Amino acid sequence: MPSRRQLLSLTAALAASTALPARSQSAEGPLRIVVPYAPGGSTDRVARLVADKLGPKLGTTVVVDNRTGAGGRLAAQQLRGAPASQNVLLMANPAVMLVAPLVFKDAGYDPEKDFVAVSQANSYEFGVAVGAGVPVRELNHLLAWLRANPQQANFGVPATGSLPHFFGLMVGEKAGVKAQVVGYRGSGPLATDLMGGQVPVAFDTFDTLLPLHEAGKIRILAVSSAHRSPFAPAIPTFREAGLDISADGWNTFFAPASTPTARVEQLGQAIRDVMQDPDTVKRFQDARMRPVASTPAQTRASLAAYRAQWAPVVQTSGYQP
């Protein structure tokens, strides 16, 4: 018969052997949300709004890690192939997960093989705006003015290769206006030139343009959503303004492909809980953004539909970085 000391040693060994697999599969340390852009932009704002509430839901510290470079691709390249033990999420938008893999011969990652969708965080629409000195107040007047003054058909966008860039091309094609896209290094410089008259027309996210519109510094002529924005119900949609077009963008949480399915589901549920929290909803609405709560399966389906809509637009645009 084993002695008491042998029994205690055997019990301890069994406990250790059952604990090891669980520990090796679990994520360690604080959760990092990697944002591929500098602090202050819309993607960064979304990440920080969610991080503020996500930590208590998960019972851990959540840190926002801004890793800029290569138009957002650097962060995705660095997280590609991350081990399952690395407790990390990537917050990305269509520029990183849709456009870059289409226009670069080798983006350095495959969004469908190297990452798994966890949850969408928000969706946003685009707006077209003119400077206060441009003599138009409706979209059809703008398009007629551009056709009559083709030398003025310069569309400013916050970055070449961004969704506002391709949306501007879509609008130009639908309207029969051959536009020259002028890329800026962010929404700030674009807004400065739009207000100063250096560029007559700008396409950007609606939440970015709206404060300037409300201050009377620019005029938004149309919004790209299927329905009028609750934040500015007086501004018509493109369809209402006579152009049959609609589009939106998103910010979505992704995990490295090595992340266990159970962990993806856990993170997705926690993010959905945060996005449905009344205080979070109010914070997003105060920032003129629309929160979204979706399961990993719903997010994957939404991304597939989005690729089907936008991939032909990007590929036929002839855009080369």
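It should be noted that the structure appears before, not after, this text.
Here's what I pulled together on the structure shown here.

What counts as what
- Residues numbered from 1 in each chain as written.
- Predicted model: local features only at pLDDT ≥ 70, side-chain atom pairs only at ≥ 80, totals over all residues.
- Heavy atoms only, no water.
- Helix = DSSP H or I, 4+ residues; strand = E, 2+ residues; numbered from the N terminus.
- Contact = heavy atoms within 4.5 Å.
- Areas by Shrake-Rupley, 256 points an atom, 1.4 Å probe, with all protein chains shown as cover.
- Lys, Arg positive; Asp, Glu negative; His and termini not counted.
- Charge placed at Lys NZ, Arg CZ, Asp CG, Glu CD.
- Core = buried A, V, L, I, M, F, W, Y, C linked by side-chain atoms within 4.5 Å.
- Buried < 20%, exposed > 50% of the residue type's maximum accessible area, 1.4 Å probe, protein only.
- Pairing = 2+ DSSP bridges.
- 1 Å grid on protein atoms, 1.4 Å probe; cavity = no way out; pocket = protein on both sides within 12 Å on 5 of 7 lines; lining within 4 Å.
- Points joined across faces, edges and corners; volume = space filled by probe spheres on them.
- Nonpolar A, V, L, I, M, F, W, Y, C, P; charged D, E, K, R; others polar.
- Salt bridge = Lys/Arg side-chain N within 4 Å of Asp/Glu carboxyl O.
- Axes fitted to C-alpha atoms, helices over the stretch in contact; angles between N-to-C directions.
- Parallel < 35°, antiparallel > 145°, perpendicular 65-115°, else oblique.
- Left-handed = near helix turned anticlockwise from the far one by under 90°.

## A closer look at the overall build of the chain
Line of reasoning, step 1. Assigned secondary structure in the chain consists of 11 helices and 10 strands.
Line of reasoning, step 2. Here the C-alpha coordinates of the chain stretch approximately 100 × 45 × 30 Å along the principal axes.
Line of reasoning, step 3. Looking at the chain alone, contacts between residues at least 24 apart form 76% of all its contacts between residues at least 6 apart.
Line of reasoning, step 4. About 15,000 Å² of surface is accessible on the chain, with carbon and sulfur atoms providing 53% of the total.
Line of reasoning, step 5. Side chains of the chain give 30 positive and 23 negative charges; the mean places of these two sets differ by 4 Å.

## Digging into the nonpolar core
The nonpolar side chains of a soluble globular protein tend to be buried, and buried together.
Line of reasoning, step 1. Counting residues in each nonpolar core, the largest one holds 56 residues, and the members touching the most others are L90, L142, F167, F238 and W310.
Line of reasoning, step 2. Apart from residues no more than four positions distant in its own chain, L142 is found in contact with V128, V130, V136, V201 and L221.
Line of reasoning, step 3. With 26 residues, the next largest nonpolar core counts L58, A121, V264 and I271 among its residues.

## A look at the pairing of strand β8 (residues 218–223)
Line of reasoning, step 1. Burial analysis of β8 places 6 of its 6 residues in the buried class, which makes it a mostly covered element.
Line of reasoning, step 2. Bridge count between strand β4 (residues 115–131) and β8: 5 bridges; the pairing is antiparallel. Bridge pairing links G127 to V223 in β8.

## Concerning the layout of surface pockets
Line of reasoning, step 1. The volume enclosed by the largest pocket comes to roughly 960 Å³.
Line of reasoning, step 2. For the lining of the largest pocket, the secondary structure elements donating two or more residues are α2 (42–58), α4 (94–103), β4, α6 (163–175) and β7 (201–205).
Line of reasoning, step 3. Among the elements that line the lining of the largest pocket, the one with the most residues is α4, at 5 residues.
Line of reasoning, step 4. In terms of residue class, the lining of the largest pocket is built from 20 nonpolar, 18 polar and 5 charged.
Line of reasoning, step 5. Roughly 220 Å³ of volume is contained in the second largest pocket.
Line of reasoning, step 6. Around the second largest pocket, the lining residues are F166, L169, M170, G172, E173, K174, V177, A179, I245, V313, T316 and S317.
Line of reasoning, step 7. Those elements that provide at least two residues to the lining of the second largest pocket are α6 and α11 (296–316).
Line of reasoning, step 8. Here the residues of the lining of the second largest pocket sort into 7 nonpolar, 3 polar and 2 charged.

## A few points about the pattern of salt bridges
Line of reasoning, step 1. Applying the stated criterion across every chain yields a total of 14 salt bridges.
Line of reasoning, step 2. Across the salt bridge formed by R48 and D44, the nearest N and O atoms sit 3.0 Å from each other. Of the two residues, R48 and D44 are both situated in helix α2; the distance of 4 residues between them amounts to about one turn of the helix.
Line of reasoning, step 3. Among the residues examined, R48 registers a relative accessible area of 38% and is labelled partly exposed.
Line of reasoning, step 4. The salt bridge partner of R67 is D65, with a shortest N-O separation of 3.0 Å.
Line of reasoning, step 5. Three or more residues are tied together by salt bridges with common partners; here these are D52, K53, D277, D279 and R283.

## Focus on the environment of V171
Line of reasoning, step 1. Relative to the elements of secondary structure, V171 occurs in helix α6.
Line of reasoning, step 2. When its relative accessible area of 2% is taken as the criterion, V171 is described as buried.
Line of reasoning, step 3. Once you skip the residues sitting within four places of it in the chain, V171 turns out to touch F203, F238, L243 and I245.

## Focus on the packing of α2 against helix α10 (residues 278–286)
Line of reasoning, step 1. Running from N to C, α2 and α10 point in directions that differ by 160°, and their axes come no closer than 11 Å. By the angle class used here, α2 and α10 are roughly antiparallel. Crossing of α2 against α10: the hand is right-handed. Contacts between α2 and α10 involve V46, L49, V50, D52 and K53 on the former and, on the latter, D279, T280, R283 and F284.

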